[in-house]
Amino acid sequence: MIPFLDLNAQYRQIKSEVDAAIAEVIANSAFIGGPAVKAFESEFAAYQHAKHCVGVANGTDAIEIVLEALDLPKGSEIIVPANSFIATSEAVTRSGHKVVFADVGDDYTLDVDDVTRRITPSTSAILAVHLYGRPCKLEALSRLAHANGIKVIEDCAQAHGAEIGGHRVGAITQAGSFSFYPGKNLGAYGDGGAIVTNDAELAHRCRMISNHGRLSKYDHEFEGRNSRLDGLQAAILRVKLRHLDRWIAKRNEIALFYSEALCGIGDLVVSAPQPGMRHAYHLFVVQTEQREALGAFLRSNDVQTGIHYPIALPQLKAYAYAGQQHEPMRAVRNARRVLSLPIGEHMSVADAQEVADQITRFYRLSS
Ligand SMILES: *Cc1c(COP(=O)(O)O)cnc(C)c1O
C-alpha cells in the first residue's frame, strides 16, 4: 500500500526529538507564548529569508490578520485565484473585502493577463497563492501591482521553503501567510500558522491584532482577537524545521522521477517547474480526462491519490453570490481533470516507480 500521506512514518523518523521537545514545554508550563514560540518565530523567519515572523493559530487567520493589518479600504476588491483551497477567499470576505476570482495559467497559479483585466479602481490587493508548492509569477504580479498602486500578498500555506531566484516565498512581497496544518509540508500536531514580512511596522500590527490588541499584559491599544501559535506546536515545529530541507529535497527527487517516468504516457499532462525556481512539491498534480477511472484503478491497486480541488472556487455554492460561476475559466477545466499522486518523505523512489508502473498499466489496459 502506498499511502498519500503518512504522518506516523514521519513521526517514527523523529520520535525522540519530538518527544523531548513536548516534554520540555510541559515541564515548563510554557503553553502560550514562551521560549519555544519565540525561538520558532526567529528560526522560521530566517528559514523563509524574512526579517519578521509572527506565529498565529492557523493559516486562515494568518491571511485575515495580514489583510486587517494592511488597513485596506473597507469593502475593496481583492483578486484571488479561482483554483485554491477555500480558506484563501474566505479570509478575504471575513476581513470585510470583496472576492474577485481570476483565472490560473497552465502552472496552476494566477494568470497575469487575467489579473490585469480584473483590476478596477476598487481593487486594493492581489492575493497570490503558491498552489501545490509552486511559486507563482511574483515578478510580473508585483510589477502590475506597483503600476496600479495596489498590494500583493502571498498565501504560502503549501509552499514552505519554495524559492524564486534564490528568494524564499513569503517576504518577497508585502507579507506572506503560512499554515502548519498537520498535512502541510511543515505540519504541527494540531492547528498553527504564521505571517512573515520584512516590514517591522506591519509585523508589529499583526502581533498586536493576534493578541487582543496588546503587546504586554493589559495595555490593550485597540480591539484585536485571539489567534496565537501555542508552545507545544512551536516546539514540535522547531524539531521538524530542522528536517524540512531534507524532506523537500526528497519531494523533488520523487517529482523528478514522476515527471520523467510519466512523460508521454496516455493523455497525462505534467506541469514542469520553471528553471530558477525551487518547487516545494506539497502536491504532485497531473491532469487527465480519465481522472475518475485512473483514481479508481490506482485505489484498487493500493495506491492512494487525492483531488485538489474538485470544484473551482467560483463554482462552489458558497460563492454563488459572487456570480462568477459561468465564466469560462481554465480553473474550471482543471478542477475536473486534476489528480494528486502520492508524494512525501514517507516514500522511496521505488514506491514512485510502483505508482508510475500502475499508471502505465492503466493506460495500456484502457487503450
Ligand atoms: C491549508 C491552506 C490554507 C489554510 O490553512 P489552515 O491552517 O488550515 O487554516 C490556506 N490556503 C491554502 C492554499 C491552503 O492550502
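For the structure given in this document, a descriptive report is provided here. (Residues numbered from 1 in each chain as written. Predicted model: local features only at pLDDT ≥ 70, side-chain atom pairs only at ≥ 80, totals over all residues. Heavy atoms only, no water.)

Turning our attention to the environment of Val-54. Of note, Val-54 is situated in strand β1 (residues 52-56). Considered as a pair, Val-54 and Arg-228 are 174 residues apart in the sequence and their alpha carbons are 8.7 Å apart. Apart from the residues within four sequence positions on either side, Val-54 is in contact with Glu-41, Gly-193, Ala-194, Ile-195, Ala-203, Cys-206, Arg-207 and Ser-210. (Helix = DSSP H or I, 4+ residues; strand = E, 2+ residues; numbered from the N terminus. Contact = heavy atoms within 4.5 Å.)

To continue, consider the pairing of strand β5 (residues 151-155). Burial of β5 is extensive: 4 of the 5 residues sit out of reach of the surface. Taken together, the 5 bridges between strand β4 (residues 123-129) and β5 define a ladder with parallel strand orientation. Looking across to β5, one finds that Ala-128 is bridged to Glu-154. With helix α6 (residues 138-148) bridging β4 and its parallel neighbour β5, the resulting β-α-β unit is right-handed. Across 3 bridges, the pairing between β5 and strand β8 (residues 175-179) is parallel. Across the sheet, residue Glu-154 finds its bridge partner in β8, namely Gly-176. (Buried < 20%, exposed > 50% of the residue type's maximum accessible area, 1.4 Å probe, protein only. Pairing = 2+ DSSP bridges. Right-handed = clockwise from strand over helix to strand, strands pointing away.)

What follows is about the site of the ligand. Close to the ligand lie 15 residues; Gly-59, Thr-60, Asp-155, Ser-179 and Lys-184 are nearest. For the ligand, an oxygen atom lies 3.5 Å from a polar atom in the side chain of Asn-58. Gln-158 places a side-chain nitrogen or oxygen 2.8 Å from an oxygen atom of the ligand. Coverage of the ligand by the protein amounts to 93% of the 380 Å² it exposes when considered alone. (Near = heavy atom within 4 Å. Polar contact = N/O pair within 3.5 Å; in protein donor to acceptor, adjacent residues only side chain to side chain. Areas by Shrake-Rupley, 256 points an atom, 1.4 Å probe, with all protein chains shown as cover.)

Now for the packing of helix α8 (residues 231-261) against helix α11 (residues 349-366). Their axes nearest at 10 Å, the elements α8 and α11 cross at an angle of 30°. What the angle tells us is that α8 and α11 run roughly parallel. As α8 packs across α11, the resulting crossing turns out to be right-handed. Contact residues: α8 offers Glu-253, Ile-254, Phe-257, Tyr-258 and Ala-261, while α11 offers Val-349, Ala-352, Gln-353, Val-355 and Ala-356. When its residues are assigned to classes, the contact of α8 with α11 shows 8 nonpolar, 1 polar and 1 charged. (Axes fitted to C-alpha atoms, helices over the stretch in contact; angles between N-to-C directions. Parallel < 35°, antiparallel > 145°, perpendicular 65-115°, else oblique. Left-handed = near helix turned anticlockwise from the far one by under 90°. Nonpolar A, V, L, I, M, F, W, Y, C, P; charged D, E, K, R; others polar.)

On to the sheet that holds β5. Within the open sheet, the 7 strands sit side by side as β1-β9-β8-β5-β4-β2-β3. Their pairing is mixed. This sheet does not close on itself; its edge strands, each paired only once, are β1 and β3 (98-102). Direction aside, neighbouring strands of the sheet carry axes that sit 25° apart on average. Relative to β3, strand β2 (residues 77-81) runs parallel, the two sharing 5 bridges. In the strand pairing of β3, Val-80 is matched with Phe-101. Its contacts with the sheet place helix α4 (residues 87-94) against β2, β3, β4 and β5, and it is angled at close to 150° to β3.

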